[in-house]
Every structure is written in structure tokens, then in C-alpha cells.
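Structural overview
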Amino acid sequence: MLPYLLWALLFIIVPILLIIYYSLCVETDSGLVFSLQNYSRVFQPIYLRIMWRSVALAFMCTLFCLVMGYPVAYIMASKEYARKGFLLFLFLVPMWMNFLLRTYSWLTILERNGIINSVLSVFGLPNIDLLYNEEAVILGMIYNFLPFMILPIYTVLKKMDQSVIEAAQDLGADSRTVFLRVTVPLSMPGVISGVTMVFMPAVTTFIVSDLLGGAQFMLIGNLIEQQFLKIRDWNFGSAVSVILMTLIIASVAIFSMVDKDSEGGALF
Amino acid sequence: MKALKKLYLGLMLTFMYAPILILIIFSFNASKSRANWTGFTLNWYVELFRDPSILKALYNTITIALLSSFFATVLGTAAAVGIDALGGKAKRAVMAVTNIPVMNPDIVTGVSLMILFIFVFKFFPAMKLGYVTLLLSHIAFNTSYVILSVLPKLRHMDGNLYEAALDLGASPALGFFKVILPEIMPGVVTGAMLAFTMSIDDFVVSFFTTGSGVNNLSILIYSMARRGINPKINALSALMFIVVLTLLYLVNASDNSKVKINEE
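**Focus: the overall build of chain A**
Of regular secondary structure, chain A possesses 12 helices and 2 strands. Along chain A, helices and strands appear, N-terminal first, in the series α-β-β-α-α-α-α-α-α-α-α-α-α-α. Across the 268 residues that make up chain A, the buried fraction comes to 52%. For chain A, the share of sequence-separated contacts (at least 6 apart) that also reach a separation of at least 24 residues comes to 68%. Of the accessible surface of chain A, which amounts to about 12,800 Å², a share of 68% is contributed by carbon and sulfur atoms. Of note, chain A has its 15 positive side-chain charges centred 3 Å away from the centre of its 17 negative side-chain charges.

**Here's the deal with the nonpolar core**
Core analysis: the biggest nonpolar cluster contains 166 residues, and Tyr4, Met76, Phe91 and Met141 of chain A together with Phe203 and Phe208 of chain B have the highest contact counts within it. Formed jointly, this core draws a minimum of three residues from each of two domains, domain 1 (56-229) and domain 2 (231-264) of chain B. Setting aside chain neighbours within four positions, we find Phe208 of chain B in contact with Phe206, Glu225, Phe228 and Leu229 of chain A together with Ile107, Gly110, Val111, Met114 and Leu129 of chain B.

**With respect to the packing of aromatic side chains**
Applying the stated criterion to the full structure yields 26 aromatic pairs over all chains. Through a chain of ring-to-ring contacts, the aromatic side chains of Phe206 of chain A together with Phe203, Phe207, Phe208 and Tyr222 of chain B assemble into a single cluster. When the ring centre of Phe236 of chain A is taken as origin, the NZ or CZ atom of Arg41 of chain A, which lies over that ring, is 3.9 Å away. Above the ring of Phe217 of chain A, the side-chain terminus of Arg53 of chain A is found at 3.9 Å from the ring centroid.

**Examining helix H6 (residues 131-155) of chain B**
An α-helical turn contains 3.6 residues, so a residue and the one three or four places further along point in the same direction. Residues and elements named next belong to chain B. The first and last C-alpha atoms of H6 sit 36 Å apart over 25 residues, in line with the 36 Å expected at 1.5 Å per residue. At Asn142, H6 shows its largest kink, close to 25°. In terms of burial, H6 is largely enclosed, as 18 of its 25 residues are buried.

**Looking at a nonpolar patch on the surface**
All names here are of chain A. On the surface, Phe59, Met60, Leu63, Phe64 and Val67 cluster together into a nonpolar patch covering about 470 Å² of accessible area. On the secondary structure map, Met60 appears in helix H3 (residues 45-77). Of the residues examined, Met60 reaches a relative accessible area of 33% and is grouped as partly exposed.

**Structural notes on the interface of chain B and chain A**
On the chain A side, the residues contacting the 71 residues of chain B number 73 residues. Across the contact surface, chain B and chain A share 0 salt bridges. If one sorts the elements of the side of chain B that touches chain A by residue count, helix H1 (residues 2-25) of chain B sits on top with 14 residues. Looking at side-chain class alone, the side of chain B that touches chain A contains 52 nonpolar, 12 polar and 7 charged residues.

**As for the side chain of Thr143 of chain B**
Along the chain, Thr143 of chain B falls in helix H6. A polar side-chain atom of Thr143 of chain B sits 2.7 Å from the main-chain carbonyl oxygen of Ile139 of chain B. Dropping the residues within four chain positions of it, Thr143 of chain B is found in contact with Tyr4 and Trp7 of chain A together with Ala72, Leu75 and Gly76 of chain B.

**Section: the pairing of strand E1 (residues 25-28) of chain A**
Residues and elements named next belong to chain A. Relative to strand E2 (residues 31-34), E1 runs antiparallel, the two sharing 4 bridges. Looking at E2, one finds that Cys25 is bridged to Phe34. Linkage of E1 to E2, two consecutive antiparallel strands, is achieved through a turn of 2 residues.

**Here's the deal with the state of the cysteines**
Residues and elements named next belong to chain A. All told, the structure shown has 0 disulfides over all chains when counted by the stated rule. With no disulfide of its own, Cys61 lies 4.1 Å from the sulfur of Cys65, the closest cysteine sulfur. The buried category is assigned to Cys61, whose relative accessible area is 0%.

**Here we look at the pattern of salt bridges**
Oppositely charged side chains can form a pair if their charged atoms are brought close together. Residue and element names in this part refer to chain A. Counted under the stated rule, the structure contains 5 salt bridges over all chains. A salt bridge links Arg53 to Glu134, with the nearest nitrogen and oxygen atoms 3.0 Å apart. Residue Arg53 is located in helix H3, and its partner Glu134 is located in helix H7 (residues 134-159); the two are separated by 81 residues in the primary sequence. Residue Glu225 pairs with Lys230 through a salt bridge whose shortest N-O separation is 3.4 Å. By relative accessible area, which is 4% here, Glu225 ends up buried.

**Some words on the domain arrangement of chain B**
The figure often quoted for interface size is the accessible area lost as the parts come together. Residue and element names in this part refer to chain B. For chain B, the domain assignment lists domain 1 (56-229) and domain 2 (231-264). Facing 7 residues of domain 1, the contacting portion of domain 2 comprises 6 residues. The contact between domain 1 and domain 2 buries some 500 Å² in all, and 91% of this surface belongs to carbon and sulfur atoms. In this assembly, domain 1 and domain 2 are joined by 0 residue pairs in polar contact (both at pLDDT 80 or more). It is helix H10 (residues 217-227) that contributes the most residues to the side of domain 1 that touches domain 2, 4 residues altogether.

**What about the environment of Met185 of chain B?**
All names here are of chain B. Mapped onto the secondary structure, Met185 falls in helix H8 (residues 172-201). Owing to a relative accessible area of 37%, Met185 belongs among the partly exposed residues under this scheme. As a C-alpha pair, Met185 and His156 span 29 residues in sequence and 13 Å in three-dimensional space.

**Some thoughts on unusual backbone geometry**
Residues and elements named next belong to chain A. Of note, the phi angle at Tyr132 is positive, near 60°, even though the residue is not glycine. Checked against the element boundaries, Tyr132 lands in the loop between helix H6 (115-122) and H7. In this structure, Arg232 takes a positive phi of about 60° despite not being glycine. One can find Arg232 in the loop between helix H11 (220-230) and helix H12 (234-258).

Quick notes on the rules
Residues numbered from 1 in each chain as written. Chains lettered and ligands numbered in written order. Predicted model: local features only at pLDDT ≥ 70, side-chain atom pairs only at ≥ 80, totals over all residues. Heavy atoms only, no water. Helix = DSSP H or I, 4+ residues; strand = E, 2+ residues; numbered from the N terminus. Buried < 20%, exposed > 50% of the residue type's maximum accessible area, 1.4 Å probe, protein only. Contact = heavy atoms within 4.5 Å. Areas by Shrake-Rupley, 256 points an atom, 1.4 Å probe, with all protein chains shown as cover. Lys, Arg positive; Asp, Glu negative; His and termini not counted. Charge placed at Lys NZ, Arg CZ, Asp CG, Glu CD. Core = buried A, V, L, I, M, F, W, Y, C linked by side-chain atoms within 4.5 Å. Domains from an automatic or database assignment. Phe/Tyr/Trp six-rings, centres within 6.5 Å; stacked < 30°, edge-to-face > 60°. Lys NZ or Arg CZ within 6 Å of the ring centre and 35° of its normal. Expected span 1.5 Å × (residues − 1). Bend = angle between axes of the 7 residues up to and from the residue. Patch = residues over 30% accessible without salt bridge, like charges linked within 9 Å, V, L, I, M, F, W, Y side chains within 5 Å. Salt bridge = Lys/Arg side-chain N within 4 Å of Asp/Glu carboxyl O. Nonpolar A, V, L, I, M, F, W, Y, C, P; charged D, E, K, R; others polar. Polar contact = N/O pair within 3.5 Å; in protein donor to acceptor, adjacent residues only side chain to side chain. Pairing = 2+ DSSP bridges. Disulfide = S-S within 2.5 Å. Buried area = accessible area lost by both parts, 1.4 Å probe.

As C-alpha cells, this is what we get:
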């Protein structure tokens, strides 16, 4: 127990304290001095736009994942597919392929002389620019995070007491009413975990935006990476990281409060 | 309706697998092009095993995954036993800290560990970012996953068993290895496997905590992506994909047979 406490202190608590410390300082000729300047900089329009864009893209991605993933979970959990466990397995397998390679592969599909454009030119159609825009980034996010939406919804739907649905049918509800008034409300815990598990990585990613959005495309993740590794302004980078961390941990805490009575809907 | 359902699942699976298939198909492409098929070759698979930078990255990825999941499993299992014995506030506080690496965005974990290492190096100028910092970072985020998979098993265990062992004269260590460990083994194995896959798949934390010259596969792929990925990487990922699929299949098959025996 004691070794773990020391370990957690050194590798979990101290790094976070350090990042908070750096965010509250600025570099001057006489060393680090206390300042709130980094935080006021975050609220400059240029950075606010980046944050707004990250949240907006992550929101779109989450929405698409929900609309695309819910039917998948619903069909797989339905009676006729009950014995086909390998289907769920099929949806999870792509996650074992390297994340970067999976994203990179979209590059070969979408790029200027990529597969879609090759097919278009076979039919004599003009080439189109599919890469390096917001749509490409959202597509990449959806592709990478869709399984995170399917799994928790599937788990909840699968565990749902079928007699509740039969009861609703016996009481005269048609299939649409059963779905909207019984299935959907009962699957809410799964939807909430799914939304959390898609939104969080989507809002913090910097690889998808880097590969599919191009070098100029900035999300919060890219801003942090740029500050730490390219511009080397650790203090401003730390301030952005602290804000991102606070946002994420606060929203996870809120979601888990809403989600308290559901068990096992999450991936881990 | 049934056909519609099938069609929908088929479409979604096509969406999930098309990029992977394309990646694998082009690992057999004779030219370096990523989009134009010029003929079949197995050349990239041969070249792959002659490329020192790829082999080195593969070696780093696998050794770090093995070592970090081993240390995280030992540390995490011991910690979970300790946490389970705690009560009330202390337990909640330790769990809150344990949850941080799981909840925190990868990128924040990555930069905060990088800051920690560089901060420590100010006092030990001889050390620099590299294999060791990469390994420590992987243990750091993996330990939490192990704790979270072991704890539920401990909670469901009958605490009297361990006390009975002690009453019958077992030392605490013997009691742990003979009574507690066998009971929580499924959680320990899940935790270890989870840690292993998290480590293999990690890019973001590794990217910030490694030093120049020490790459794992993810970092190598990232640095190649700008220049255009070499078909050798396609070949490697096709191989890894097949290996992972086989492993998953074997694990699943053995699980199913166990379940059947238990049912009988």
C-alpha cells in the first residue's frame, strides 16, 4: 500500500501540481514569476475560437456516433441477433489496429490522388478536395470513436428486462411507442456513457486533426502540443492544459453523478 | 425489416473495415504508391525484417508493453488489496487519485509527466528523456487500470476466507498467495491484458515522454505519416492485426470452453 501511495504521489499528484505551478508563472529574465497572464491569454479571441471549434467538432462527432451507433447496438441486442456474439466482436476488432494507422488509412482514401478520386476519374468526373477540412476531421473522429458509443448502449440494451417490453405490448402499445417510451428511456445510462466516452477523446484529440485537418488545423490538443513542443511556451501550454483538464474532470464527475445507478455500461 | 437490419449492419461494418482492408491490400502493392495498384509483391514483408528502425521500434513497443504491464499488475494488485482494506474517507481519497490517469485527457497526462521528468532532470543533469521515462510513464497510466479491474473482484470476495487461513496458521503472505490471489485472478488477468493493450496502442503519452532516438511503433508511424507511410509499415500492421486477431480468438475460445465446463 505504502509503495503505491508514494508512486501515486510522484506520478499522479506531483505532475499535476507542477502543471498548475507552471500555468501560474511567466518566464522573465530573473526566472519564473507569479502571474495570471497565461489564463487571461486563453480568453483572447484567437484561442477562444480554437476551443469553440474543438467543442463544436467533438459535439458533431458525438451526435453522428449516437445516430449511427444506436441502431447498431439496438439491432445487435434484438432477439434475432441474440446468438450472434461475434457481431459485437467484429465491431470491436478495429480498435486493436493502431489508432494512427487507422486514421492514416483515411488519408489514402480521401487524398487528391486517393481512392475516391481515382474512382471518380474512371467515370470522367472531376476530382474533389475531401481532405484538410472540418468534415474530414469529423469523419476521422467518428471512425475512431464509434465503437465507444456502440458498446455501452449494447450492454445496457442487452441487460434490459424483456418482460417490460412485453408488458408494454400487452397493454396495447405499438412498436413505435414501445421504442420511444420504454426502450429509449431504459437505455439512457448506456447513451450517457457512450456520449461521455466519445466526446472526451474527441475534444482532446490532436492526431486526427493533425493528419486529416492538415498542419494549420488547430484544436485544443494541437494548441497544447504546439505550445510544448514547437513554441516551447510551457507556461501558456500548462494553462491551456489545466483548463482542458478541469473541463473534462468536471464533466466526467457530472456524468457519473447522473449515471450513478447504472452498472457496467462503461467500457472499463 | 430483417433485410434492412442486415443491410445497415453490413454498411456499418464496411465503414469500419474498408480502411483496414485498404491498408492491408496495399501492403502487397508492387510500387510505393498508396492508391494505385501496380502489381502483387511480398517484397515489403521481406524488407520489413531488414529495416533496423522499424525493428527497433517494434522491440521497444513490445518490451515496454510487457515490462509496464508486469510492473503495473504487481503494483496495482498490491495497491488494490490495500485500498480494499481501507475504509470511508481514506478509500475515497485514494480512489479519486487513482481515477485521475483514467479520466484525464491523454495529452494532459503526457505533458504533465514530461514536465515532471524535465523538472527532476534539473537536479540530475546526466539523465534524459528516453526508454526509462517511456517505461515509467506507461507504468504510471497502466497501474490505475489494473487497480480498477482488481477492486471489484476483491469486493465480491468473502473476507472470512483470508481470516480463516490466518487462524489455521498461514502467514499473511501465504494467505495472500493461497487464498486471495486465486480468488481475484480473473481481475488480475483482465487488468494485465488491458494494461498490455493500452501500452501497445498508446501514442500521446509516449510522444511527450520519450527522447530523441527512442521510438515506439506509434511514434515511428507518426513521424512517417508526414512523408508518406512506407508500405513496410502497412505490412507490419497487417501482420500485427493477424496476430492480435488470432490471440483474441484463442482467448475467447478458451474462455468459452471454461464456461461450458462450469455449466456442466
